[in-house]
Amino acid sequence: MDIFKIIAVGVVGGILSITVKQYRKEYGLLVGLASVLVILFFTLGTLETAIGQISLITEKSGVDTRYFSAVIKVVGVAYITQFGAEILRDGGEGAIALKVEMAGKVFILGLTIPIITEFLEVCINALSAV
């Protein structure tokens, strides 16, 4: 199973990163980043399968694919933002990590505005009909 590979890469990468940080802090961060990239590579196949299945379910249900697309984008922005912020924290840049998280939240708001607008229009139309 891929999860065992991911755990092995994480443990080995973590040990290497801690060891290298003792001598050169910047190289320790690079070792950690390389480990994370390998882990992300191992998860891409599973992620692709999950998105394909969700897309198939969305098509069969008749739900507008714009909603599915928006949800996938929001989840993607959230994961990427968290990933970037954690790397910054690992590098000792907590203040920049907070700004990255704030920017991610702003992007998520921007991605959801069309859905919120459409929802409010439906509510207004429903109240007008009463």
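Residues numbered from 1 in each chain as written. Predicted model: local features only at pLDDT ≥ 70, side-chain atom pairs only at ≥ 80, totals over all residues. Heavy atoms only, no water.

Enquirer: What is the right way to read the packing of helix α2 (residues 25-61) against helix α3 (residues 65-90) from this model?
Expert: The angle between the axes and the distance between the axes are what describe a pair of packed helices. One can describe the packing of α2 onto α3 by two numbers: an axis separation of 13 Å at closest approach and a directional angle of 170°. As the angle between them shows, α2 and α3 are arranged roughly antiparallel. Contacts between α2 and α3 involve Leu 29, Leu 33, Val 36, Leu 40, Ile 51, Ile 54, Ser 55 and Thr 58 from the former and Phe 68, Ile 72, Phe 83, Ile 87 and Asp 90 from the latter. Of the residues that constitute the contact of α2 with α3, the class distribution is 10 nonpolar, 2 polar and 1 charged. (Axes fitted to C-alpha atoms, helices over the stretch in contact; angles between N-to-C directions. Helix = DSSP H or I, 4+ residues; strand = E, 2+ residues; numbered from the N terminus. Parallel < 35°, antiparallel > 145°, perpendicular 65-115°, else oblique. Contact = heavy atoms within 4.5 Å. Nonpolar A, V, L, I, M, F, W, Y, C, P; charged D, E, K, R; others polar.)

Enquirer: Would you mind showing me how to read α3 here?
Expert: Because an α-helix completes one turn every 3.6 residues, residues spaced three or four positions apart along the sequence face the same direction. With 26 residues, α3 extends 37 Å from end C-alpha to end C-alpha; this agrees with the ideal 38 Å at 1.5 Å per step. Of all the residues in α3, the buried ones are Phe 68, Ala 70, Val 74, Thr 81 and Ala 85. At the C-terminal side of α3, Gly 92 shows a positive phi close to 85°. (Expected span 1.5 Å × (residues − 1). Buried < 20%, exposed > 50% of the residue type's maximum accessible area, 1.4 Å probe, protein only.)

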